[in-house]
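Examination of the molecular architecture
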Amino acid sequence: MTSDSIGYYTGSIEETHAAAREDVLALGEFGAWIGSESRSADSGEEFATLDPVVGEEICSVPQCTATDVDAAVKAAQEAFDGGWGACSPQERSNAMLSWVATLRENVGDLALVESLDGGKPLKHALVETKYALDFLEYYAKVVQADEGITVPTDDDMHVYTRHEPHGVVGLITPWNFPLTISFWKLGPALAAGNAAVIKPAEQTPLSMLYAAELSKDILPDGTLNVVTGFGEEAGAPLTEHAAVGKVSFTGEDVTGKTVMKAAAETVTAVTLELGGKSPYVVFPSADVKKAVRDVAHGIFYNAGQSCDACSRVLVHEDIAEEFTEGLVARAEGLTPGDTLVEGTTVGPLISADQFEKVTDYVEIGREEGATCVTGGAVEDGDLTDGWYVRPTVLTDVDNDMRVAQEEIFGPVEVITTFETYDEAIELANDVEFGLAAGVATENTTLAHRAAADIEAGSVWINGNYATPIPGGPFGGYKQSGIGRECSRDALRHFTQEKAVHVALDEPSL
Ligand code: TXE
């Protein structure tokens, strides 16, 4: 499957996944990508990456450690010194656009890898892969228009600025949107002239490895390096490495704090995109049907494993019943299934750990006094080898309950009611996170007022919840992170600004 048509599979779940595994393994070598070569870990150790639908190994990949990270950083430094850092934005842009063209030619295969390794419905994986590529393309183009500034000054001086790359950058990504988040980071990092070492999540290393293999003979050797492995063994050495000038991390808030502390030792710049507990406020003036549709997408897409999932609904008490009935009906209409067959829109959670975490939270919610109206683990049928949780809705939730405060990261919506505008805003802001928010109302003034009053890096009004677009900044307030991705501004985060002051003598002629 090399075009962008979707090659659905047929047969039993064991048959479809065995066939897809064979197809994926025929695509590439899936070794660590260092200096544009596929390599084993220095130790020779490997670890398995699993298919979340059937709980079986797809293949094993190198278990990199500090030695491999060091080799990758050296390869990146050589690429940077060897010309990538100094070449013109035009040249970098052309190289990146050639890579994008090759990735687009193989978009169906990339999507299959993403689907199998991440447990994503094939159709979603294809949409996401194309979307991820839009970001690489955006940065390759926008860097061509990235002028510096001249500072107004007296006529005895000329002052201008240069934006210079950091050199080698370390990028650490999670498992929920492996290619998308990788390209959010690689786009600005490479366009700005840095060479990159990326460490994908241990649960989903395959799509980034395959994308890197497709950069062979397109990006200069060593410009892009991928080290596979676990957080402490392969992620931490990247954050601590003295030659890494910038770290961009997406993952759990607790890990983000560790990354920031490690970076502090070498005064390394960091961008952090961490967790969320994003509110979706449904005012009495909302189009309830539209709000239900948007909330269902915002919490159940990707089985709720999105940092910006709208995992708390705050709904006005006058429309709470109508809204809840609508959301429950929608949740029950979403049937978990085999990700490789046509029609499936709900896949499994990524791992046994995540399954346990999410189902534990549903239980915690019940113990705290919430009512589980629909959902819970899939307990029978042919999906029980995977880690499936049905779209779940909890009502009677108070904002101080753990299920309303902590990131569940699964398909679990919690619903709280409010009476007044001030109460809605107070509840919306009463969490330690501030990544995103949704607002539903047909009253334009109220919509803008709420968008201003909610503490969040992104607000979606009346639809398209949680789809950052190329050019639209994305990142968190409060403990949801530092810095912004997806926008032109991210180029700034991957450069250092230099002011050049030139003394001008009186003309001597
Ligand atoms: O995250 P980790 P996990 C949340 C979500 C989820 C929880 C745990 O709630 O249930 O985090 O997921 C690397 N130094 N999010 O354990 O550990 C790790 O190898 C450097 C929200 O997967 O943060 C992986 O590549 N790196 C999030 C990446 O960090 C380290 C998306 C993320 O893993 C490291 C994913 C260390 N000391 C989970 N330890 C979001 N914001 O979207 C781990 N890593």
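This part takes up the nonpolar core. Among the nonpolar cores identified, the biggest contains 58 residues, and Trp99, Leu103, Leu136, Phe183, Leu186 and Met208 are the most heavily contacted of them. Those residues in contact with Trp99, other than ones at most four positions away along the chain, are Leu136, Phe183, Leu186, Leu190, Met208, Ala211, Leu214, Ser215, Ile218, Leu219 and Leu224.

Read across the sheet, 3 strands follow the order E5-E6-E22 without closing on themselves; strand pairing throughout is antiparallel. Both edges of this open sheet fall to strand E5 (150–151) and strand E22 (495–503), since each of them pairs with a single strand only. Pairing analysis gives 9 bridges linking strand E6 (residues 157–165) to E22, with the strands arranged antiparallel. Bridging from a neighbouring strand, Met157 pairs with Ala503 of E22.

All right, on to the sheet that holds strand E18 (residues 436–440) then. On the basis of which strands lie adjacent, the open sheet formed by 7 strands has the order E14-E15-E16-E13-E12-E18-E19 and mixed pairing. Two strands close off the open sheet at either side, each with one partner strand: strand E14 (371–377) and strand E19 (458–461). Ignoring which end each strand starts from, the neighbouring axes of this sheet average 20 degrees apart. The pairing of strand E13 (residues 312–316) with strand E16 (residues 412–418) spans 5 bridges and is classified as parallel.

Once that is clear, we can look at helix H6 (residues 178–191). Between its first and last C-alpha atoms H6 spans 20 Å; for 14 residues at 1.5 Å apiece the expected length is 20 Å, and the two agree. Most of H6 sits out of view: 14 of its 14 residues are buried. Backbone geometry just downstream of H6 places Gly193 in the positive-phi region, at approximately 105 degrees.

Phi is positive for Ser36, which is not a glycine, with a value near 65 degrees. Using a relative accessible area of 4% as the deciding quantity, one classes Ser36 as buried.

Taken across its 5 residues, strand E8 (residues 195–199) has 5 buried, putting it largely inside the fold. Both faces of E8 are covered, namely the face carrying Ala195, Val197 and Lys199 and the face carrying Ala196 and Ile198. Taken together, the 5 bridges between strand E7 (residues 168–172) and E8 define a ladder with parallel strand orientation. Among the inter-strand pairings, Val169 is bridged to a residue of E8, identified as Ala196.

Attention now goes to the site of the ligand. Within the structure, the ligand sits among 28 residues, and Thr173, Trp175, Glu202, Thr255 and Lys357 are positioned closest to it. A distance of 2.7 Å is found between an oxygen atom of the ligand and a side-chain nitrogen or oxygen belonging to Lys357. Within the complex, the protein chains bury 89% of what would otherwise be the 810 Å² of accessible surface of the ligand. Looking at the shell around the ligand residue by residue, the class counts come to 11 nonpolar, 11 polar and 6 charged.

Right, let's talk about the domain arrangement of the protein for a bit. When the domains of the protein are assigned, the result is domain 1 (13–274 + 484–495) and domain 2 (279–469). Every contact between the two is made by 35 residues of domain 1 and, on the other side, 31 residues of domain 2. Between domain 1 and domain 2 the total buried area reaches about 2,500 Å² when both faces are included, carbon and sulfur atoms providing 62% of it. Of all residues in domain 1, the largest losses of buried area upon contact with domain 2 belong to Ile13, Pro52 and Trp175, amounting jointly to 21% of the total for that side. Applying the counting rule to domain 1 against domain 2 returns 0 salt bridges. Secondary-structure elements contributing two or more residues to the side of domain 1 that touches domain 2 are helix H1 (13–25), strand E3 (46–51), helix H4 (107–118) and helix H5 (122–142). Considered class by class, the residues forming the side of domain 1 that touches domain 2 number 17 nonpolar, 10 polar and 8 charged.

What follows concerns the packing of helix H3 (residues 89–105) against H6. One can describe the packing of H3 onto H6 by two numbers: an axis separation of 9 Å at closest approach and a directional angle of 150 degrees. Overall, the two elements H3 and H6 adopt an arrangement that is roughly antiparallel. In contact with Arg92, Met96, Trp99 and Leu103 of H3, H6 contributes Phe183, Leu186, Gly187, Leu190 and Ala191. Taken together, the residues of the contact of H3 with H6 break down into 7 nonpolar, 1 polar and 1 charged.

Conventions and cut-offs
- Residues numbered from 1 in each chain as written.
- Predicted model: local features only at pLDDT ≥ 70, side-chain atom pairs only at ≥ 80, totals over all residues.
- Heavy atoms only, no water.
- Core = buried A, V, L, I, M, F, W, Y, C linked by side-chain atoms within 4.5 Å.
- Buried < 20%, exposed > 50% of the residue type's maximum accessible area, 1.4 Å probe, protein only.
- Contact = heavy atoms within 4.5 Å.
- Pairing = 2+ DSSP bridges.
- Helix = DSSP H or I, 4+ residues; strand = E, 2+ residues; numbered from the N terminus.
- Axes fitted to C-alpha atoms, helices over the stretch in contact; angles between N-to-C directions.
- Expected span 1.5 Å × (residues − 1).
- Near = heavy atom within 4 Å.
- Polar contact = N/O pair within 3.5 Å; in protein donor to acceptor, adjacent residues only side chain to side chain.
- Areas by Shrake-Rupley, 256 points an atom, 1.4 Å probe, with all protein chains shown as cover.
- Nonpolar A, V, L, I, M, F, W, Y, C, P; charged D, E, K, R; others polar.
- Domains from an automatic or database assignment.
- Buried area = accessible area lost by both parts, 1.4 Å probe.
- Salt bridge = Lys/Arg side-chain N within 4 Å of Asp/Glu carboxyl O.
- Parallel < 35°, antiparallel > 145°, perpendicular 65-115°, else oblique.

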